[in-house]
Amino acid sequence: QVELVESGGGLVEAGGSLRLSCAASGSFFSINAMGWYRQAPGKQREWVATITSVSTTLYADSVKGRFTISRDNAKNTVYLQMNSLRPEDTAVYYCNANSRISMTSPVLSSWGQGTQVTVSS
């Protein structure tokens, strides 16, 4: 099972930037797609961005052009660079990773504990 630990959240003014990190550890054969989700108070968790094992990236329309997802496979770490932040970006951000414990095992989905991002107006 993969353990995910996020870091980098905090309080920032509108228009500012933050960079989130998520490091994966544990026993696994491979990590496939990694991604970020967020959950604002009173709302459902929503998808933000995904990066595949070959670094293909996908973004939600709400963050396209402002956020950049990247990964360092040597460090088993995924990043989310967030620029031009808006108050509506305020949420707990969660890291997600799909992994296998062997070549033939099913894909397992793991979640981090979340990191708070607060954007003040």
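Check the entry above for the structure.
Now for a description of the structure that goes with this document. (Residues numbered from 1 in each chain as written. Predicted model: local features only at pLDDT ≥ 70, side-chain atom pairs only at ≥ 80, totals over all residues. Heavy atoms only, no water.)

**Some details on the pairing of strand β3 (residues 18-26)**
Here is step 1 of the chain: In terms of strand pairing, strand β1 (residues 2-7) meets β3 through six bridges, oriented antiparallel. Each bridged residue has a counterpart across the sheet, and for Leu4 the counterpart in β3 is Ala24.
Here is step 2 of the chain: Where β3 and strand β8 (residues 77-82) come together, six bridges link them in antiparallel fashion. Considered in β8, the bridge of Cys22 is made with Val78. (Pairing = 2+ DSSP bridges. Helix = DSSP H or I, 4+ residues; strand = E, 2+ residues; numbered from the N terminus.)

**Overview of the nonpolar core**
Here is step 1 of the chain: If you look at the biggest cluster of nonpolar residues, it comprises 29 residues, and the most contacted ones within it are Trp36, Leu80, Met82 and Tyr93.
Here is step 2 of the chain: Those elements that place two or more of their residues in this core are β1, β3, β4 (30-39), β5 (46-51), β7 (67-72), β8, β9 (91-100) and β11 (115-120). (Core = buried A, V, L, I, M, F, W, Y, C linked by side-chain atoms within 4.5 Å. Buried < 20%, exposed > 50% of the residue type's maximum accessible area, 1.4 Å probe, protein only.)

**Considering the packing of aromatic side chains**
Here is step 1 of the chain: Here the structure, examined in full by the defined rule, presents one aromatic pair.
Here is step 2 of the chain: Centre to centre, the rings of Tyr37 and Trp111 are 4.9 Å apart; their planes meet at 65°, and the pair counts as edge-to-face. With Tyr37 in strand β4 and Trp111 in strand β10 (residues 108-111), the pair connects residues that are 74 residues apart, well separated along the chain.
Here is step 3 of the chain: According to the relative accessible area criterion, Tyr37 is partly exposed, its value standing at 22%.
Here is step 4 of the chain: The positively charged end of Arg45 is found above the aromatic ring belonging to Trp111, 4.7 Å away from the centroid. (Phe/Tyr/Trp six-rings, centres within 6.5 Å; stacked < 30°, edge-to-face > 60°. Lys NZ or Arg CZ within 6 Å of the ring centre and 35° of its normal.)

**As for the environment of Ala91**
Here is step 1 of the chain: Within the fold, Ala91 resides in strand β9.
Here is step 2 of the chain: The sequence separation of Ala91 and Ser17 amounts to 74 residues, and the corresponding C-alpha distance is 14 Å.
Here is step 3 of the chain: Beyond its immediate stretch of four places on either side in the chain, Ala91 contacts Arg38, Gln39, Ala40, Thr115, Gln116 and Val117. (Contact = heavy atoms within 4.5 Å.)

**Comments concerning the pattern of salt bridges**
Here is step 1 of the chain: Overall, the coordinates contain four salt bridges when judged by the stated rule.
Here is step 2 of the chain: With a closest N to O distance of 2.9 Å, Asp89 and Arg38 form a salt bridge. A residue pair is termed long-range when its members are at least 10 positions apart, and Asp89 in the loop between β8 and β9 and Arg38 in strand β4 qualify at 51 residues. Exposure class is identical for Asp89 and Arg38. Each is buried.
Here is step 3 of the chain: Between Asp89 and Arg66 there is a salt bridge; the shortest N-O distance is 2.7 Å. Remark: Arg66 occurs in the loop between β6 (57-59) and β7 and Asp89 occurs in the loop between β8 and β9; sequence separation between them is 23 residues.
Here is step 4 of the chain: Overall, the relative accessible area of 1% leaves Asp89 in the buried class.
Here is step 5 of the chain: Connected through shared salt-bridge partners, Arg38, Glu46, Arg66 and Asp89 make up one network. (Salt bridge = Lys/Arg side-chain N within 4 Å of Asp/Glu carboxyl O.)

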